[in-house]
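Structure assessment
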Amino acid sequence: MTDWKPLPDDLASDVRQLVTELRTLKIRSGVSLAALAERTPYSKSSWERYLNGKTLPPRQAVTILGKLSDAEPARLEALWELANAAAHDQQAGGGRPAQRASQPATPADPTEVASAPSDEGRRRRRDARLLWTAALLLALLLVGTAVVLVNRDSSAGTARAAISATEPGTRQVDVNCFADSCAGKDPKEAGCGGDAWTAALTKVQQVYVELRYSDACRAAWARISWGRPGDIARIVGPRHSAHQNKVHYDTDTYSAMLAAPTPSAVNACAVLTSGRHGCTGPGGDQRLTEPPNPPAPTLSPTG
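Residues numbered from 1 in each chain as written. Predicted model: local features only at pLDDT ≥ 70, side-chain atom pairs only at ≥ 80, totals over all residues. Heavy atoms only, no water.

1. Topic: unusual backbone geometry
Our working rule: The helix and strand labels rest on DSSP assignments: H or I over at least four residues marks a helix, E over at least two residues marks a strand, and numbering proceeds from the N terminus.
The backbone of Arg 218 shows a phi angle near 50°, a positive value even though the residue is not glycine. With respect to the helices, strands and loops of the structure, Arg 218 is situated in the loop between strand S2 (207-214) and strand S3 (219-225).

Below is the structure:
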């Protein structure tokens, strides 16, 4: 996606700089939001919020996107540290930060201490953060240069493999299970999300229920979107075999896998906290369009 939404006007400058960098990295990586959701622990709706400045992304999300786009990890680490501090300052109401003991104020007139504007305090704190970040970045570069040089080819190869896996007809997915050996495993950790597609889709109240299938793994799992904490995604196969998982936070989740020679061997179901439940029919051969993103909440900094 390159047609970005305008970032919020009240977004802190450090957060804005981080989001702008992440947008650039996403374009460089060539992966879609759906592909990011398959290759990371974060949902498509979460990535939409991160890349539109609605929620500060966790440090791990920034690191993963950096690896997919072969970005400099030390620079991303520094950008995230500044953005996280700025988001917390903004959430606290923009009050004047406490003065650092190593940088005491030295006004010419003692009365200036009481009359100094809060903007000056914020500027001093920002300058201190920038100095600390620059020192950290320099240390990381000096200590890690050899490691970066050795691993660069490997990281680039991993990113290129992830990108090429999104191209229809040329997917070469690195998986670590097949058929029966996939039963009970997490599809992302097993690498089965690389070529996953939606083979069946239904809706229970407001919740979308998908039957997800991997040709490379010959396995399937259930995924629900637009849910709420406590809602359950369940994959059901022959002889009452099943696996399930519930939404712990956010709006979606997915189950562990069942072996499936074809998508028609299994069904995906949802059991909602409201008491309603329902299932898809057996999966078909047509690759269905995935559900839209749910409505996004407002900005909340990482804890």
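Past the structure itself, the notes keep going.
2. What about the state of the cysteines?
Stated precisely, the cut-off is as follows: Cysteine sulfur atoms that pair up within 2.5 Å are treated as a disulfide.
Here the structure, examined in full by the defined rule, presents three disulfides. What pairs with Cys 192 in a disulfide is Cys 217, and their sulfur atoms sit 2.1 Å apart. The sign of the S-S torsion, about -95°, decides the handedness of the disulfide formed by Cys 192 and Cys 217: left-handed. In this pair, Cys 192 sits in the loop between helix H7 (118-164) and strand S1 (197-204) while Cys 217 sits in the loop between S2 and S3, placing the two residues 25 residues apart along the sequence.

3. Here's the deal with the sheet that holds strand S4 (residues 232-236)
Going by this rule: Strands are treated as partners if at least two bridges between them are detected by DSSP. Structural elements are reduced to axes, namely lines fitted to C-alpha atoms, with helices fitted over the stretch in contact, and the angle between N-to-C directions of any two is expressed from 0 to 180 degrees.
The four strands are arranged S5-S4-S8-S9 in an open sheet whose pairing can be described as antiparallel. At either margin of the open sheet sits one strand with a lone partner, and together these are strand S5 (242-246) and strand S9 (277-279). Each neighbouring strand pair of the sheet contributes to a mean axis angle of 15°, computed without reference to strand direction. As judged from the five bridges shared by S4 and S5, these two strands associate in the antiparallel manner. Residue Ile 235 lies in a different strand from S5, and its bridge partner there is His 243.

4. Brief notes about the nonpolar core
For clarity, the threshold we go by: To define a nonpolar core, start from buried Ala, Val, Leu, Ile, Met, Phe, Trp, Tyr and Cys residues and group those joined through side-chain atoms within 4.5 Å. Classification of residues uses two cut-offs on accessible area relative to the type maximum, computed with a 1.4 Å probe and protein chains only: under 20% is buried, over 50% is exposed, and between them is partly exposed. Any pair of residues with heavy atoms lying within 4.5 Å of one another is described as a contacting pair.
Counting residues in hydrophobic clusters, the biggest one holds 30 residues, and the most contacted among them are Val 15, Leu 18, Leu 22, Leu 36 and Trp 47. Of all elements in the fold, only helix H1 (13-29), helix H2 (33-39), helix H3 (44-51), helix H4 (59-68) and helix H5 (73-91) reach the threshold of two or more residues within this core. The biggest single contributor to this core is H5, with six residues. Discounting chain neighbours no more than four positions away, the residues touching Val 15 are Leu 56, Ala 83, Ala 86 and Ala 87. By size, the runner-up hydrophobic cluster in this structure holds 20 residues, among which are Ala 200, Val 207, Val 209 and Tyr 213.

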